[in-house]
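The residues making up each chain are set out below.
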Amino acid sequence: MSLNSNNSNNSTTEDRRSSQPKSTTIIKYEKSSCLFCNEWFDAQTFTEHLIHCGQVLEECPNNCHVFIPRIRMRSHLKECPRNKQQQQQQAHQPRLSVSMERLDQHADHRVQVLEQDITTIRSVLNEEIRQRLHLITDVGNIRKHNQVVEDWTRDTDEAINELRRQLEEEGAQRVFATEQNQVDTQYCCNITQSLKDQVELKLDDMQQHINQLSADVSYHQNQLNDNIIKLEELVFENERLNRDKFAQIEQFLQEINEDVKTKLGNSSEFATSKQATLDYEVKNVKSMVCESDERIEKLQVIVQDLDKSLHQTMQSIADIENQLAMQQRIASVQNIRGHLIWRIKDYSKKLEEAKQYDTILHSAMFSNKAFGYALRLDIYLNGKGTWKGRNLIACLNVLSGEYDPLLNWPCRLQAEIIIRDQSSIPLEAQDYVKTIYVRKKSDDYIQSNQYFHIPHKVITSRNYLRNDSLFVEVRVLK
């Protein structure tokens, strides 16, 4: 709106935004208020109103030094002390009074007309005031809206700047992370390649060692078979010779008996000498039989020792093959969580082998953490030492690993060995738990194993042994 105003107090009003000085709102009002009666008028009628406004202060014409509004000037003149003096002085002038009365009547009529105009003007002014209040309310709402918009714009700009800064930081971090990942990936590739080369070399060495062991085992097996055949032939030959000697002795004894019977009456001295010779020969035969029995027993002990050694060698080869297969699996996937579940199949058969050959069962290799200690669980199914025949003996070994130079020594670990209850109802299962402490002085120091025992009657109770299989779980606690 562009309007003119004659009043200085109601002149142009400007709203300037503090946050954005570029946007300026100028509001001009079409109406102005009178300084004396506070009524609102158009710019065209404002000047005329000031001429006839009844609230304009005028000095008393009687020089009583009082300023009275025009509308009250008549009543003041009636009460003015100066006016009373003049009336007394001018009482002799009747003509002047008549003219004054006429003037008063004309003034009263003029006052009534002015009062009607004032009433009309007041109604118009009230309407204008209402419009002005509406305008002021709208302007306030616009100001509030503009303030909200400015605050929102300022907050949005700050948020956008913060987001841009965060995006720049995130971009820099991602670039750094990408570069670091590339470096780490290259490092991992190099380590993987070196490990692969080392594993291949070790696999080749182990394969050559296995081939050499297989050749040695085959050679020893052949020698053992030859020795067994020779021993059997020797035993058969000794038995045949013994049978022949026994037959000869029996025949000789029969001949002697016949000679004794025929020559019994000849002389008693001859019979005595013959009997002594016979007793001597019988003793010689008995000593030969005893020597043959002792040699046979020694040969049987040798055969049993060779059989046990052969079985242990075969088990060592099987363990090496298992370790080789495990190394191949470790090369691709490593158990680095310190958790192992080992299923021992054919428990009865392996227990009989342990009773006969003192075999040891070795678990798969695992680690307590990534790049940690190399661990393995060893089990004597038939026990060891004073615990032999009645208990299962086991120990957790710390083996030589690839990352031993990087680890803390001495090694101190705590683990739980759990015999799993294979109950068909999981809520009724009660596992058998043993806690063991593992200590090793250094990576090149021989470990003094700490063994723990589990009685055979415990293993055969509940559902620890089911389908001839035993589940052993290892959890490394720290």
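Below is a summary of the structure that appears in this document. Model, not experiment: these values are computed from the prediction. (Residues numbered from 1 in each chain as written. Predicted model: local features only at pLDDT ≥ 70, side-chain atom pairs only at ≥ 80, totals over all residues. Heavy atoms only, no water.)

Here we look at the overall build of the protein
If you tally the helices and strands in the protein, you get seven helices and 16 strands. Within the protein, buried positions represent 26% of all 478 residues. If you take every contact in the protein between residues at least 6 apart in sequence, the share linking residues at least 24 apart comes to 59%. Of the accessible surface of the protein, which amounts to about 33500 Å², a share of 52% is contributed by carbon and sulfur atoms. (Helix = DSSP H or I, 4+ residues; strand = E, 2+ residues; numbered from the N terminus. Buried < 20%, exposed > 50% of the residue type's maximum accessible area, 1.4 Å probe, protein only. Contact = heavy atoms within 4.5 Å. Areas by Shrake-Rupley, 256 points an atom, 1.4 Å probe, with all protein chains shown as cover.)

Things to note about unusual backbone geometry
Residue Pro410 is reached from Trp409 by a cis peptide bond, and omega for that bond is 5 degrees. Along the chain, Pro410 falls in the loop between β11 (391-399) and β12 (411-419). Phi at Asp358 is positive, roughly 60 degrees, even though this residue is not glycine. In this fold, Asp358 is placed in the loop between α6 (347-357) and β8 (361-362). Classification of Asp358 by relative accessible area gives partly exposed; the value is 37%. Positive phi, normally seen in glycine, also occurs at Asp468, with a value near 60 degrees. When you line up the elements, Asp468 lands in the loop between β15 (465-466) and β16 (469-476).

Structural notes on the packing of aromatic side chains
Two aromatic rings are characterised by how far apart their centres lie and by the angle between their planes. For the coordinates displayed, the defined rule picks out three aromatic pairs. Ring centres of Phe371 and Tyr403 lie 5.0 Å apart, and the angle between their planes is 85 degrees; on these two criteria the pair is classed as edge-to-face. Residue Phe371 is found in the loop between β9 (366-367) and β10 (374-380), and its partner Tyr403 is found in the loop between β11 and β12; the two are separated by 32 residues along the sequence. On the accessibility criterion, Phe371 (54% relative accessible area) is exposed. Look at Tyr373 and Trp409: their rings are 5.2 Å apart centre to centre, the planes differ by 80 degrees, and that puts the pair in the edge-to-face class. On the criterion of sequence distance, the pair formed by Tyr373 in the loop between β9 and β10 and Trp409 in the loop between β11 and β12 is long-range, its members being 36 residues apart. Judged by relative accessible area, Tyr373 falls into the buried class, the value being 8%. (Phe/Tyr/Trp six-rings, centres within 6.5 Å; stacked < 30°, edge-to-face > 60°.)

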